[in-house]
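Geometric and topological summary
Spelled out from the first residue to the last, the chains are:
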Amino acid sequence: MSINCTNRDALEDFLRANLKESRYRHSMGVEEMAVRLARLHGADEEKAAFAGRYHDIAKNFDTETMDSYVRKYGLPEKLIGNNALAHSKVGAEILEHEFGVADKEILDSVRYHTTARMDMTLLDEVIFVADVVEDNRTYSDLDYYQDLAYRDLDQACLEILEYTIGSLTSKGMEIDKDTLEARDWVVNKIKETENGK
Ligand code: DGI
Ligand code: FE
Ligand code: FE
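These figures come from a predicted structure and were not determined experimentally. (Residues numbered from 1 in each chain as written. Chains lettered and ligands numbered in written order. Predicted model: local features only at pLDDT ≥ 70, side-chain atom pairs only at ≥ 80, totals over all residues. Heavy atoms only, no water.)

Let us now look at the overall build of the chain. Scanning the chain for helices and strands turns up 10 helices and zero strands. If you list the helices and strands of the chain from N to C, you get α-α-α-α-α-α-α-α-α-α. Computed over C-alpha atoms, the radius of gyration of the chain comes to 16 Å, within 12% of the 16 Å expected from 2.2 N^0.38 for 197 residues, which places it in the range of a compact globule. Split into buried and exposed, the 197 residues of the chain put 51% on the buried side. A total accessible area of about 9,800 Å² is found for the chain, and carbon and sulfur atoms account for 47% of it. For the chain, the separation between the mean place of its 25 positive charges and that of its 40 negative charges on side chains is 1 Å. (Helix = DSSP H or I, 4+ residues; strand = E, 2+ residues; numbered from the N terminus. Rg over C-alpha atoms; globule rule 2.2 N^0.38 Å. Buried < 20%, exposed > 50% of the residue type's maximum accessible area, 1.4 Å probe, protein only. Areas by Shrake-Rupley, 256 points an atom, 1.4 Å probe, with all protein chains shown as cover. Lys, Arg positive; Asp, Glu negative; His and termini not counted. Charge placed at Lys NZ, Arg CZ, Asp CG, Glu CD.)

Core analysis: the largest hydrophobic core is formed by 58 residues, its most contacted members being Val90 and Val129. The element that contributes the greatest number of residues to this core is helix H7 (residues 122–133), accounting for seven residues. The residues touching valine 90, leaving out its near neighbours within four places in the chain, are Ala58, Phe61, Met66, Tyr69, Val70 and Leu75. (Core = buried A, V, L, I, M, F, W, Y, C linked by side-chain atoms within 4.5 Å. Contact = heavy atoms within 4.5 Å.)

Take the coordination of the iron ion (ligand 2) next. For the iron ion (ligand 2), the full set of protein donor atoms is Asp56 (OD), His87 (NE2) and His113 (NE2), and the range of their distances to it is 2.1 Å. Site description for the iron ion (ligand 2): donor spacing in sequence, D-x30-H-x25-H. Separating the iron ion (ligand 2) and the iron ion (ligand 3) is a distance of 3.5 Å, and aspartate 56 donates to both of them. Of the two residues, aspartate 56 sits in the loop between helix H3 (45–54) and helix H4 (63–72) while histidine 87 sits in helix H5 (residues 83–97), which places them 31 residues apart along the sequence. (Donors = N, O, S within 2.8 Å, 3.2 Å for Na, K, Ca; no water.)

Here we take up the packing of helix H2 (residues 21–41) against H3. H3 packs onto H2 with a crossing angle of 160° between their chain directions and a minimal axis gap of 7 Å. Relative to H3, the element H2 lies roughly antiparallel. The handedness of the crossing between H2 and H3 comes out as right-handed. Residues Tyr24, Ser27, Met28, Val30, Glu31, Ala34, Val35, Ala38 and Arg39 of H2 lie in contact with H3, whose contacting residues are Glu45, Ala48, Ala49, Gly52 and Arg53. (Axes fitted to C-alpha atoms, helices over the stretch in contact; angles between N-to-C directions. Parallel < 35°, antiparallel > 145°, perpendicular 65-115°, else oblique. Left-handed = near helix turned anticlockwise from the far one by under 90°.)

Protein-derived ligands of the iron ion (ligand 3) are His26 (NE2), His55 (NE2), Asp56 (OD) and Asp131 (OD), with the metal-ligand distances lying across 2.2 Å. Mapped onto the polypeptide sequence, the residues donating to the iron ion (ligand 3) form the spacing pattern H-x28-H-D-x74-D.

Time to look at the site of ligand 1. Around ligand 1, 17 residues are found, and the nearest of them are Arg23, Lys59, Thr114, Asp176 and Thr179. At a separation of 3.0 Å, an oxygen atom of ligand 1 approaches a polar side-chain atom of histidine 113. At a separation of 3.0 Å, an oxygen atom of ligand 1 approaches a polar side-chain atom of arginine 137. Among the elements that take part in the shell around ligand 1, H5 stands out by supplying three residues, more than any other. Considered class by class, the residues forming the shell around ligand 1 number four nonpolar, six polar and seven charged. (Near = heavy atom within 4 Å. Polar contact = N/O pair within 3.5 Å; in protein donor to acceptor, adjacent residues only side chain to side chain. Nonpolar A, V, L, I, M, F, W, Y, C, P; charged D, E, K, R; others polar.)

Further remarks concern the pattern of salt bridges. Going through the model one piece at a time under the given rule, you end up with 24 salt bridges. The salt bridge involving arginine 39 is made with glutamate 45; its shortest N-O contact spans 2.9 Å. The class of glutamate 45 is partly exposed, set by a relative accessible area of 32%. In this structure, lysine 47 engages glutamate 105 in a salt bridge whose closest nitrogen and oxygen atoms are separated by 3.0 Å. With lysine 47 in helix H3 and glutamate 105 in helix H6 (residues 104–111), this pair connects stretches of sequence that are 58 residues apart. Several salt bridges converge on common partners, so that one network encompasses Glu93, Lys104, Asp108, Arg111, Arg117 and Asp124. (Salt bridge = Lys/Arg side-chain N within 4 Å of Asp/Glu carboxyl O.)

Laid out in structure tokens, this is it:
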């Protein structure tokens, strides 16, 4: 692997030390799925592997640790106490500032892997979808979503976003602006692709 990073061994140790066993397994699953999707859809396989492997590096921090990183890196105050949204932003900062990862595309794909965003890059889409369809996931429609991800990455993004928005809405939870913008953006992208056919 030739992704630039100051100390790959230390990064690997940090990942192992900070993830629970099941989260570590998930991360290996996302790496493998991200490579598969990158190959199928023409994204950079090395970047996909790296981003997939480390995307959840901050996921298992306790709230106090997460909040201290949110403050350390001057991230938005709304992330305080919100591990679900903070872990992707904090993860990208840790990769950049503590392990010298300089590749913006990798950092952004980690940063937006939870919410997605408008104008997603191909790598953003690969990581966003791989996170949800990796082989260790256990929900009942996994086969359907994997097949969709292999055939049509934009449509997979859309259906995952629709599912997330529906599920958060039914729980009365706030939907991040990036998630709503991502949905509108991908709807348009699909429309334009169909018109161009
Ligand atoms: O870290 P993973 O579990 O692998 O997956 P993830 O990074 O997609 O995180 C899923 C969590 O993020 C789940 O608890 C729902 C939450 N989430 C995703 N989009 C939004 C969101 N939470 C809020 N409040 N708003 C969102 O738009
Ligand atoms: Fe995550
Ligand atoms: Fe994940």
